[in-house]
Amino acid sequence: MDDRLRLSRRIRFRLLAWLRRSRSGRIEFIRRFGYKEIIKATQGFRKVIYTNYHGSAYRAKFKGGEVALVKELTALDLGRERFDEEVQLLGRLRHRHLLTLRGFCIGRKRLLVFDNIENGSLKEHLNDPLKTPLNWKTRIQIAIGIAAALEYLLIFSSNDAHIYDVSVNSCNIMLDENFTPKISDIRVNRHPKNHPKATHDSCSEGSCADEECGNVIFQLGVLMLELITGQSSDRQGKDLIEWVQDSCIANSIDKMIDPDLGNNYSSRELQKVLAVARLCIKTRYEPPSFSITHVYRYLQKKIDVAT
């Protein structure tokens, strides 16, 4: 059985590596947007979706009615050459659960334009009482989809000279018209030589001991807690983790559930997702003995929700 499992993992890795190579060639078309066009679409950069150390992201509605995400890059060392490289490398990424780069703009700001975000951010649907609450099936699909994208991203990085830095939380996960989740906050690491490189063994087949893999797993665990509780984390997960680990709540799972779900969820699935989330958040304090691939495949196998 162990031999079969190892063989299965090797085949999966090789398929993903082949997929990465087949989709990482010359980019067919990335549009250059005019600066005035971006200003109009974002209403003067007033529609802020989120802001972090990577920069700010804005909601934009273009002339044809398409709702997109416009991201401003604020790195001090991001000259024209490095910006062009960023565009090329981000444009190579192709996954159902990653926002696709559609264009860029060079004006007073360095801007990237990404794909459809018709339904806004995940945080909006968890926190805004005017939004239709997400049902249990959709939340599970989001968790599985994001895990799949993280696996793809780490394997993509392990086969590339550049490492892709990623941030995952309810603020920067976007939802398209079908509520398909998309990771939006990805950057090209500027110092790959000093960055712990994700490897085939660490991220796909066995342990995930390096710092980057552990950080990504931790973020995924916090995201699962957000989906379960309906609460957004404001302090890199610390506040939500403290709340979930409170001794009173730990003895009563029902107190943790987002009230918007009512009784419309599977207790069996809830317990499994919660167990995975707790395992993931432990990686903040100790190196994980499992990988993103393990998390993804467990969720797929144990939870009967199609992605």
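Keep in mind the model is a prediction, meaning the values are calculated, not measured.

Caption draft 1: Region of interest: the overall build of the protein chain. Secondary structure assignment for the protein chain yields 11 helices and 10 strands. A burial count over the protein chain gives 54% of its 307 residues as buried. Of the contacts formed within the protein chain by residues at least 6 apart in sequence, a portion of 67% connects residues at least 24 apart. Summed over all atoms, the accessible surface of the protein chain reaches about 15,400 Å², with 47% contributed by carbon and sulfur.

Caption draft 2: Seen up close, the confidence of the model for the protein chain. The predicted model of the protein chain averages 80 in pLDDT, with 75% of residues at 70 or higher. Per-element averaging of pLDDT across the protein chain places helix 6 (residues 200-205) at the bottom with 44 and strand 9 (residues 181-183) at the top with 96. Predicted confidence is poor over residues 21-28, with pLDDT under 50, and the contacts of this stretch with residues over four places away or in other chains come to nine contacts. Note that pLDDT drops below 50 for residues 193-207; the model gives that stretch 51 contacts with residues more than four away or on any other chain.

Caption draft 3: Molecular detail of the side chain of R187. Topologically, R187 is positioned in strand 10 (residues 185-188). One polar contact links R187 to E86, side chain to side chain, over a distance of 2.5 Å.

Caption draft 4: Here's a closer look at the sheet that holds strand 3 (residues 55-61). Within the open sheet, the six strands sit side by side as 1-5-6-4-3-2. Their pairing is mixed. Bordering the open sheet on either side are strand 1 (31-32) and strand 2 (48-52), each of which pairs with just one other strand. In this sheet, strand 6 (residues 110-116) lies alongside strand 4 (residues 67-73) in antiparallel orientation, the contact comprising six bridges. From the neighbouring strand, L69 faces strand 6, where its bridge partner is F114. In this fold helix 3 (residues 80-91) packs onto strand 1, strand 4, strand 5 (101-106) and strand 6, with an angle of close to 170 degrees to the strand it touches most, strand 5.

Caption draft 5: The arrangement of the environment of H294 in detail. Mapped onto the elements of the fold, H294 is located in helix 11 (residues 292-302). When the C-alpha atoms of H294 and E151 are compared, they prove to be 9.5 Å apart, with 143 residues separating the residues in sequence. A distance of 2.9 Å separates a polar atom in the side chain of H294 from the backbone nitrogen of S291.

Caption draft 6: A look at the pairing of strand 5. In terms of burial, strand 5 is largely enclosed, as five of its six residues are buried. Relative to strand 5, strand 1 is paired through two bridges, and the arrangement is parallel. Note that in strand 5 the partner of R31 across the bridge is G103.

Caption draft 7: Layout of the environment of A75. When you line up the elements, A75 lands in the loop between strand 4 and helix 3. Sequence separation between A75 and Y53 is 22 residues, and the spatial gap between their C-alpha atoms is 8.7 Å.

Caption draft 8: Local environment of the pattern of salt bridges. Using the criterion set out here, one finds eight salt bridges in the structure. The closest approach of N and O atoms between E72 and K109, which form a salt bridge, is 3.5 Å. Here E72, found in strand 4, pairs with K109, found in the loop between strand 5 and strand 6; they are 37 residues apart in sequence, far enough to count as distant. The exposure class of K109 is partly exposed, given its relative accessible area of 23%. Across the salt bridge formed by E86 and R187, the nearest N and O atoms sit 2.5 Å from each other. Here E86 is found in helix 3, whereas its partner R187 is found in strand 10, with 101 residues between them in sequence. Pair check on accessibility: E86 and R187 agree, each one buried.

Rules of the game
- Residues numbered from 1 in each chain as written.
- Predicted model: local features only at pLDDT ≥ 70, side-chain atom pairs only at ≥ 80, totals over all residues.
- Heavy atoms only, no water.
- Helix = DSSP H or I, 4+ residues; strand = E, 2+ residues; numbered from the N terminus.
- Buried < 20%, exposed > 50% of the residue type's maximum accessible area, 1.4 Å probe, protein only.
- Contact = heavy atoms within 4.5 Å.
- Areas by Shrake-Rupley, 256 points an atom, 1.4 Å probe, with all protein chains shown as cover.
- pLDDT = per-residue confidence, 0-100.
- Polar contact = N/O pair within 3.5 Å; in protein donor to acceptor, adjacent residues only side chain to side chain.
- Pairing = 2+ DSSP bridges.
- Axes fitted to C-alpha atoms, helices over the stretch in contact; angles between N-to-C directions.
- Salt bridge = Lys/Arg side-chain N within 4 Å of Asp/Glu carboxyl O.

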